[in-house]
Amino acid sequence: NVSHDRDEMERIRANFQVVCALRHPSIVGIRTLECDWSTGLYYLVMDVMEGENLTSWIGRHKPGRLGDEAIVILRDIASALDYAHSQHVLHRDIKPGNVIVGADGHAHVLDFGLAAQIRSAVNNLSLVVTSKSGTPTYKSPEQWRGERQCPASDQYALAVIAYQMLAGCLPFECDDTSALGHAV
């Protein structure tokens, strides 16, 4: 849908340049943004990451008994987010489906497609992020309210993942998205 929207594609290209520069062992790298000239549609090329998404991984393990495995995964995700935040990039959709657990037990974050530059006082670049994007059960309160997001927005989602891994359920679950937003 956005491939044919010139203004949106310019925003995506600018965001791509920021996200493409992220280099961290726990972040799946994005290599290029290309256009299929026969269709006019754009696509991303990412590094190949062998493993299992965290959603499946959690489903195969007993909650509350994950011990060191959970600590390694959560530490890897936190490290990736800390690095991205230090580069003024937010993920804005941290969830188990956007994390791959490799055969070595280490986690790798992918899909920085929603990432946005954080307001930087140093160079006065500003991209105010106030959309309500994200996956409902992992969205922070400020995302639900459509307010400006910050690193704490990603950290909230990481806390939800930690809760899910340890308790075996989400902290807030509801089929009614409005009620879910109020609960969060």
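Residues numbered from 1 in each chain as written. Predicted model: local features only at pLDDT ≥ 70, side-chain atom pairs only at ≥ 80, totals over all residues. Heavy atoms only, no water.

**Student:** Just give me the short version of the overall build of the protein, but keep the residues and values in it.
**Tutor:** Check the secondary structure of the protein and you find 6 helices and 7 strands. Mapped from its N terminus to its C terminus, the protein presents α and β elements in the order α-β-β-β-α-α-β-β-β-β-α-α-α. Taking all contacts inside the protein whose residues are at least 6 apart in sequence as the whole, residues at least 24 apart take part in 55%. For the protein, the accessible area works out to roughly 10,100 Å², and carbon and sulfur atoms hold 52% of it. (Helix = DSSP H or I, 4+ residues; strand = E, 2+ residues; numbered from the N terminus. Contact = heavy atoms within 4.5 Å. Areas by Shrake-Rupley, 256 points an atom, 1.4 Å probe, with all protein chains shown as cover.)

**Student:** How would you explain the sheet that holds strand β6 (residues 107–109) if you had to name every residue and give the values?
**Tutor:** Spatially, β3-β5-β6 is the arrangement adopted by the 3 strands of the open sheet, whose pairing is antiparallel. Both edges of this open sheet fall to β3 (52–53) and β6, since each of them pairs with a single strand only. Pairing analysis gives 2 bridges linking β3 to strand β5 (residues 99–101), with the strands arranged antiparallel. Across the sheet, residue Glu52 finds its bridge partner in β5, namely Val101. (Pairing = 2+ DSSP bridges.)

**Student:** Go over the pattern of salt bridges, please, and point to the residues and values.
**Tutor:** Counting across every chain of the model gives 5 salt bridges. Here Glu10 and Arg13 are joined by a salt bridge, their closest N and O atoms 2.5 Å apart. Note that Glu10 and Arg13 are positioned in helix α1 (residues 6–20) at a spacing of 3 residues, about one turn of the helix. You can call Glu10 partly exposed: its relative accessible area is 45%. Looking at Arg13, the relative accessible area reads 28%, which means it is partly exposed. Residue Arg145 is joined to Glu147 by a salt bridge in which the shortest nitrogen-to-oxygen separation is 2.9 Å. The partly exposed category is assigned to Glu147, whose relative accessible area is 36%. (Salt bridge = Lys/Arg side-chain N within 4 Å of Asp/Glu carboxyl O. Buried < 20%, exposed > 50% of the residue type's maximum accessible area, 1.4 Å probe, protein only.)

**Student:** Tell me about helix α3 (residues 67–86), and please be specific about residues and values.
**Tutor:** For α3, spanning 20 residues, the distance from its first C-alpha to its last is 28 Å, which sits close to the expected 28 Å at 1.5 Å a residue. Taken residue by residue, α3 has Ala70, Ile73, Leu74, Asp76, Ile77, Ala80, Leu81, Ala84 and His85 as its buried positions. Each buried residue of α3 lies within a common arc of 165° when the element is viewed along its axis, so the set occupies one face. Exposed and facing more than 90 degrees away from the buried side of α3 are Asp68 and Arg75. Check the buried side of α3 and you find it contacts α2 (54–60), β4 (89–90), β5, β6 and α5 (151–167). Backbone geometry just after α3 places His88 at a positive phi near 65°. (Expected span 1.5 Å × (residues − 1). Arc of directions from axis to C-beta.)

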